Amino acid sequence: MGVLLEVKNLGISFGGLRAVDGLNMTINEGALVGLIGPNGAGKTTAFNMLTGVYRPTDGTIMLDGKSLVGKKPAEICQEGVARTFQNIRLFTQMSVLDNVKAALHNSIKYNLATSFLHLPAYFAKEKEMDEEALKILKIFELDSFADTNASNLPYGKQRKLEIARALATNPKLLLLDEPAAGMNPNETKELMDTIELIRKEFKVTILLIEHDMKLVSGICEYLYVLNFGTELAHGTPSEVLNDPRVVKAYLGE
Amino acid sequence: MSLINAILEQLLNGLRTGSIYALIALGYTMVYGIAKMINFAHGDIIMVGAYTLYVCVSLLHLHPILAVVITILVCALLGVVIEKIAYKPLRQAPPLAVLITAIGVSYLLQNLALLIFKATPIPFASIIKVPSIKIGGVHVSGLTIVTLIVTTISMILLTLFINKTKAGRAMRAVSEDKGAAELMGVNVNQTISITFAVGSALAAVAGVLFIAQYETLLPTLGALPGIKAFVAAVLGGIGSIPGAMLGGLILGIIESLAKAYISTQLSDAIVFSVLVIVLLVKPSGLLGKMKIEKV
């Protein structure tokens, strides 16, 4: 298994605030890695740099040997990085099916003239999109909700749909930003199964931000810990969670 | 019987004007939905459309259908170019800067027309030559028939485009959450360009129908229908596509009935009063959705 993501000395400043400083990460293909740390440690900021929402002030991000720094979010998405959000950001006024189809934007193409004139290619491509989207929804057991408005789904299913939508972009690297936030223990358990399922069904590497230590120690193979924007520790879950520095950062003296 | 017939005729007139307003209002509402800005130059696209049609038909003697196609293409292109040159650099700017720029573009277009075609009104006979018909004693002009058919077809095509195609889906995604759409690989710049092109193409169709009704070219001819269509878009709920269609039709009918039965001079005042009343009762417009900010 080769290295998929290599982050070196990544940093960003907002005015005088150093939000992330000197972050190094090496993630192998097919791995499931956690990024943890107290609130305000810079975890989501790191995700925003990986996906092109923010442009890092220094450091490099290499995905499969290609630099991602300076690329736009849509380009980075095409390179194979997809994400979910801490506070769910579905297209709430669109159907579940359309949410996934919107993310198929780049994988199945047809041009404007085809859309306007409803040429045969239009029907063929739309059918292909429908099938592809339904296939993904079926894996997440959301296919029976295809025509439901995304905002009408229960919370846990909205989280699932967000992951399904991200996977529809056919990513090499999937970034999950606090997937268990706001979930009850049952939903969290279900989420862990979903993540297992994703690894089985899609050839995808996962990096996730999470506060739920049961989830983190239960499924992650490797952890990076951020505190005040700098890397505090990294290692296997048992190493990291027993590290006195990590305990101190979370619980204080 | 003749009173009912007269009212029916006024209603039809109202539907004709109203459907033109609706076509223009669609452009306002689509651009607002996607770029969160009021494109005040939108009304002047109608004027450019009317002049383009005049140049094609009266000066170049092209076939009317070819002339209409050229008009639509010119306006769609103009919409895209305006967005690229004037609005795109201001994407991150405060809304006030964008608003003032839009007004600036509006004046620029009007004055360019003034420079090229001078201030004297140019008479321009309607290119729509369809005989009027009588349905059960009600006189329906050919122009009304053509206007209603053309606007209905345009609206059906637009609805299909937005709901059933990839570009339409991208438009809906961008208008809901630009950031998330971008992160899902949607090309936001291209989607905004398509929105301006489609909105301006609809304005061109409206321009052709409008000039067939008024038969006089003036550099400022787009201003009044532009502002009325904006009112229609707000009345229906800005950002809502069915709202723009409904708002346009309601506005046209009220205007037409007010002109016929209350006072020609007061008709505009009545139209705007309706807007004030609707917004007092329902601030988000008839079909607009109230946004509840979650904290």
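As the structure is a computational prediction, the values presented were derived from the model and not from experiment.

Caption draft 1: The arrangement of the overall build of chain B in detail. Regarding its fold elements, chain B presents eleven helices and four strands. Along the longest, intermediate and shortest principal axes, the C-alpha atoms of chain B span 60 × 50 × 35 Å. Across the 295 residues of chain B, 51% fall into the buried class. Partitioning the contacts of chain B with sequence separation of at least 6, the portion at a separation of at least 24 is 76%. Carbon and sulfur atoms provide 73% of the accessible area of chain B, an area that totals close to 13300 Å². If the 19 positive side-chain charges of chain B are averaged to one point and the 10 negative ones to another, these points end up 5 Å apart.

Caption draft 2: Region of the structure containing the overall build of chain A. A tally of regular secondary structure across chain A gives ten helices and ten strands. In summary, chain A has a C-alpha radius of gyration of 19 Å against a globular reference of 18 Å for 253 residues, a match within 12%. In terms of overall dimensions, chain A has C-alpha extents of about 65 × 40 × 35 Å along its principal axes. Look at the contacts in chain A between residues 6 or more apart in sequence, and 67% of them connect residues 24 or more apart. Accessible surface, chain A as shown: approximately 11400 Å² in total, 52% of it carbon and sulfur. Taking the average place of the 27 positive charges on the side chains of chain A and the average place of its 31 negative ones, the gap between the two points comes to 3 Å.

Caption draft 3: Geometry of the interface of chain A and chain B. In this complex, chain A contributes 33 residues to the contact, which on the side of chain B involves 26 residues. Taken together, the two surfaces of chain A and chain B that pack against each other cover about 2500 Å², and 63% of this comes from carbon and sulfur. Taken together, the links from chain A to chain B amount to four salt bridges. With a closest N to O distance of 3.8 Å, Asp 98 of chain A and Arg 169 of chain B form a salt bridge. At the level of elements, α2 (73-79), α3 (96-103), α4 (112-117), α5 (120-139) and α6 (155-168) of chain A are the ones that each hand at least two residues to the side of chain A that touches chain B. In terms of residues, the side of chain A that touches chain B owes the most to one element, α3 of chain A, which gives four residues.

Caption draft 4: Geometry of the pairing of strand β10 (residues 230-235) of chain A. Residue and element names in this part refer to chain A. Sheet topology note: the strand β9 (residues 222-227)/β10 ladder contains five bridges and is antiparallel. Paired with Leu 223 across the bridge in β10 is Gly 235. What sits between β9 and β10 in their antiparallel hairpin is a turn of two residues, with Phe 228 showing a positive phi close to 50°.

Caption draft 5: Structural detail: the sheet that holds strand β5 (residues 66-67) of chain A. Residues and elements named next belong to chain A. On the basis of which strands lie adjacent, the open sheet formed by four strands has the order β2-β1-β4-β5 and antiparallel pairing. Bordering the open sheet on either side are β2 (17-28) and β5, each of which pairs with just one other strand. Those strands touched by helix α1 (residues 43-50) are β1 (3-14), β2 and β4 (58-63), and its axis lies near 115° from that of β1.

Caption draft 6: Representation of the packing of aromatic side chains. Considering all chains together, one arrives at ten aromatic pairs over all chains under this definition. Seen from their ring centres, Phe 14 of chain A and Tyr 54 of chain A are 5.1 Å apart, and the 75° between their planes marks the pair as edge-to-face. With Phe 14 of chain A in strand β1 and Tyr 54 of chain A in the loop between α1 and β4, this residue pair connects regions lying 40 residues apart in the sequence. Taken together, the ring pairs in this structure connect Tyr 51, Tyr 54, Phe 117 and Phe 124 of chain B into an aromatic cluster. Here Arg 89 of chain A stacks its cationic end above the ring of Phe 85 of chain A, 4.6 Å away from the centre of that ring. Arg 165 of chain A extends its terminal NZ or CZ atom over the ring of Phe 91 of chain A, reaching a point 4.7 Å from the ring centre.

Caption draft 7: Seen up close, a nonpolar patch on the surface. Together, Leu 3, Ile 7, Tyr 261, Ile 262 and Leu 266 of chain B give the surface a local cluster of nonpolar side chains, amounting to about 490 Å² of exposed area. The topology assignment puts Ile 262 of chain B in the loop between α10 (241-261) and α11 (267-281).

Caption draft 8: Inspection of the environment of His 42 of chain B at higher detail. Residue and element names in this part refer to chain B. Note that His 42 resides in helix α2 (residues 42-59). Spatially, the C-alpha atoms of His 42 and Ala 203 are 7.5 Å apart, while their sequence positions differ by 161 residues. For His 42, the contacting residues outside a window of four places in its chain are Ile 24, Gly 27, Tyr 28, Gly 199, Ser 200 and Ala 203.

Caption draft 9: Highlighting the packing of α3 of chain A against α5 of chain A. Residues and elements named next belong to chain A. Closest axis-to-axis distance for the α3/α5 pair is 9 Å, and the angle between their directions is 110°. The angle between the axes of α3 and α5 places the two elements in the roughly perpendicular class. Across the interface between the two elements, Val 96, Leu 97, Val 100 and Lys 101 from α3 touch Glu 126, Met 129, Asp 130, Ala 133, Leu 134, Ile 136 and Leu 137 from α5. Of the residues contributing to the contact of α3 with α5, the split by class is eight nonpolar, no polar and three charged.

Caption draft 10: Inspection of the environment of Ile 133 of chain B at higher detail. All names here are of chain B. Here Ile 133 lies in strand β2 (residues 133-135). The class of Ile 133 is partly exposed, set by a relative accessible area of 40%. Spatially, the C-alpha atom of Ile 133 lies 28 Å from that of Gly 247, the residues being 114 residues apart in sequence. Every residue in contact with Ile 133, bar those within four places of it in the chain, is listed here: Val 138, His 139, Val 140 and Ile 145.

Caption draft 11: Representation of the state of the cysteines within the structure. Residues and elements named next belong to chain B. Tallied over the entire structure, the rule returns zero disulfides over all chains. Free cysteine: Cys 56, not disulfide-bonded; nearest cysteine sulfur from Cys 75 at 10 Å. For Cys 56, a relative accessible area of 4% translates into the label buried.

Caption draft 12: Region of the structure containing the side chain of Ser 193 of chain B. Its place among the elements puts Ser 193 of chain B in helix α8 (residues 188-214). Dropping the residues within four chain positions of it, Ser 193 of chain B is found in contact with Val 80, Glu 83 and Lys 84 of chain B.

Caption draft 13: A look at the sheet that holds strand β8 (residues 205-209) of chain A. All names here are of chain A. Taken together, the six strands give an open sheet; going across it, the order is β6-β7-β8-β3-β9-β10, and neighbouring strands pair in mixed fashion. The open sheet has two edge strands with one neighbour each: β6 (81-83) and β10. Between one strand axis and the next, the sheet turns through 20° on average, direction left out of account. Contacting β3 (32-36), β7 (173-177) and β8, helix α7 (residues 185-201) runs over the sheet at an angle of about 155° to β8.

Analysis parameters
- Residues numbered from 1 in each chain as written.
- Chains lettered and ligands numbered in written order.
- Predicted model: local features only at pLDDT ≥ 70, side-chain atom pairs only at ≥ 80, totals over all residues.
- Heavy atoms only, no water.
- Helix = DSSP H or I, 4+ residues; strand = E, 2+ residues; numbered from the N terminus.
- Buried < 20%, exposed > 50% of the residue type's maximum accessible area, 1.4 Å probe, protein only.
- Contact = heavy atoms within 4.5 Å.
- Areas by Shrake-Rupley, 256 points an atom, 1.4 Å probe, with all protein chains shown as cover.
- Lys, Arg positive; Asp, Glu negative; His and termini not counted.
- Charge placed at Lys NZ, Arg CZ, Asp CG, Glu CD.
- Rg over C-alpha atoms; globule rule 2.2 N^0.38 Å.
- Buried area = accessible area lost by both parts, 1.4 Å probe.
- Salt bridge = Lys/Arg side-chain N within 4 Å of Asp/Glu carboxyl O.
- Pairing = 2+ DSSP bridges.
- Axes fitted to C-alpha atoms, helices over the stretch in contact; angles between N-to-C directions.
- Phe/Tyr/Trp six-rings, centres within 6.5 Å; stacked < 30°, edge-to-face > 60°.
- Lys NZ or Arg CZ within 6 Å of the ring centre and 35° of its normal.
- Patch = residues over 30% accessible without salt bridge, like charges linked within 9 Å, V, L, I, M, F, W, Y side chains within 5 Å.
- Parallel < 35°, antiparallel > 145°, perpendicular 65-115°, else oblique.
- Nonpolar A, V, L, I, M, F, W, Y, C, P; charged D, E, K, R; others polar.
- Disulfide = S-S within 2.5 Å.

Honestly, it's all geometry; don't read function into it.
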